[in-house]
There are 2 protein chains.
Amino acid sequence: MLKVIAEDFIKPQAVETVLPLYRALVAATKREPLCIAYDLYVDEKDPGHFIFIEEWPDRAALDAHCASEHFRRLVPMINQHQRKEPTFIMMNGFS
Amino acid sequence: MLKVIAEDFIKPQAVETVLPLYRALVAATKREPLCIAYDLYVDEKDPGHFIFIEEWPDRAALDAHCASEHFRRLVPMINQHQRKEPTFIMMNGFS
């Protein structure tokens, strides 16, 4: 099991622009056969700070997600509006 | 629903010391009646970077968690070993 947190930091004036892009990305990703969880949240204190909490069976499934048509089409459109570099943490469960 | 990500950054030489403290904190918190989720993960690239992904029904439940005996006893013991300030994000679901 691979857990992922991916954080985007969108310019305030672009938040309305990215919302439909995120909606499309979440809907298409949830339809990927290997996707266990792909949930998007927004920082209570910062409406441009978007946080994905993801779960994949393994690294190959995450790589397939990043190579998907919807990812390769939508993520660059979202990234045009970042105000700083997105962050990405891959995690193992604590036991 | 309130989703929380809390991140700790533990000094490398203290990782073994904090593991039983985290185990106790997770076990006691999961027994709190209002706790929906309280899962701990470790950054694949940094064994001192611990990430809680939490879910609470509301802010009052989170406040009760932070006021609990186990939180007030264990978190200061963990925090002695932080190498930088812990971070904390409260999030709303994206819709």
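This one's a predicted model, so the numbers in the text were calculated from it and none came from an experiment.

Rules and cut-offs
Residues numbered from 1 in each chain as written. Chains lettered and ligands numbered in written order. Predicted model: local features only at pLDDT ≥ 70, side-chain atom pairs only at ≥ 80, totals over all residues. Heavy atoms only, no water. Helix = DSSP H or I, 4+ residues; strand = E, 2+ residues; numbered from the N terminus. Rg over C-alpha atoms; globule rule 2.2 N^0.38 Å. Buried < 20%, exposed > 50% of the residue type's maximum accessible area, 1.4 Å probe, protein only. Contact = heavy atoms within 4.5 Å. Areas by Shrake-Rupley, 256 points an atom, 1.4 Å probe, with all protein chains shown as cover. Lys, Arg positive; Asp, Glu negative; His and termini not counted. Charge placed at Lys NZ, Arg CZ, Asp CG, Glu CD. Buried area = accessible area lost by both parts, 1.4 Å probe. Polar contact = N/O pair within 3.5 Å; in protein donor to acceptor, adjacent residues only side chain to side chain. UniProt positions renumbered as here; feature names shortened; annotations may be inferred. Phe/Tyr/Trp six-rings, centres within 6.5 Å; stacked < 30°, edge-to-face > 60°. Salt bridge = Lys/Arg side-chain N within 4 Å of Asp/Glu carboxyl O.

(A) Broad picture of the overall build of chain A. Check the secondary structure of chain A and you find three helices and four strands. For chain A, the α and β elements follow one another from N to C terminus as β-α-β-β-α-α-β. Radius of gyration (C-alpha) of chain A: 13 Å, near the 12 Å computed for a compact globule of 95 residues. Counting every position in chain A, which comprises 95 residues, the buried fraction comes to 54%. Here the analysis covers contacts within chain A between residues at least 6 apart in sequence; of these, 70% occur between residues at least 24 apart. Here chain A has roughly 4,800 Å² of accessible surface; of this, 55% comes from carbon and sulfur atoms. Charge centroids of chain A, computed over 11 positive and 14 negative side chains, lie 3 Å from each other.

(B) Main features of the interface of chain A and chain B. At the interface, 24 residues of chain A touch 24 residues of chain B. Roughly 2,100 Å² is buried in total at the junction of chain A and chain B, and carbon and sulfur atoms are behind 70% of that figure. Looking at the side of chain A facing chain B, the largest losses of area belong to Tyr 41, Glu 44 and Phe 94 of chain A, adding up to 32% of the total buried there. Taken together, the connections running from chain A to chain B amount to six residue pairs in polar contact (both at pLDDT 80 or more). Every element with two or more residues in the side of chain A that touches chain B is listed here: strand 1 (2-9), helix 1 (15-30), strand 2 (37-43), strand 3 (49-56) and strand 4 (87-93) of chain A. It is strand 4 of chain A that contributes the most residues to the side of chain A that touches chain B, five residues altogether.

(C) Expanded view of the UniProt feature "domain: ABM" (unreviewed entry) in chain A. Mapped onto this numbering, the UniProt entry gives "domain: ABM" (unreviewed entry) at residues 2-90 of chain A. This span, residues 2-90 of chain A, is 39% helix and 30% strand, and a straight line between its end C-alpha atoms measures 7 Å.

(D) Region of interest: the packing of aromatic side chains. Taken as a whole and judged by the stated rule, the model has twelve aromatic pairs over all chains. Ring geometry for Tyr 22 of chain B versus Phe 50 of chain B: centroids 4.5 Å apart, planes at 35°, classification tilted. Note that Tyr 22 of chain B is positioned in helix 1 (residues 15-30) and Phe 50 of chain B in strand 3 (residues 49-56), a separation of 28 residues in sequence. Where Tyr 38 of chain B meets Trp 56 of chain B, the ring centres are 6.3 Å apart and the plane angle is 65°; that geometry is what we call edge-to-face. Note that Tyr 38 of chain B is positioned in strand 2 (residues 37-43) and Trp 56 of chain B in strand 3, a separation of 18 residues in sequence. The two residues Tyr 38 of chain B and Trp 56 of chain B agree in class, both being buried. Taken together, the ring pairs connect Tyr 22, Tyr 38, Phe 50, Phe 52 and Trp 56 of chain A together with Phe 94 of chain B into an aromatic cluster.

(E) Geometry of the pattern of salt bridges. Residue and element names in this part refer to chain A. Applying the stated criterion across every chain yields a total of ten salt bridges over all chains. Between Asp 39 and Lys 30 there is a salt bridge, and its shortest N-O distance comes to 2.8 Å. Judged by its relative accessible area of 44%, Lys 30 falls in the partly exposed class.

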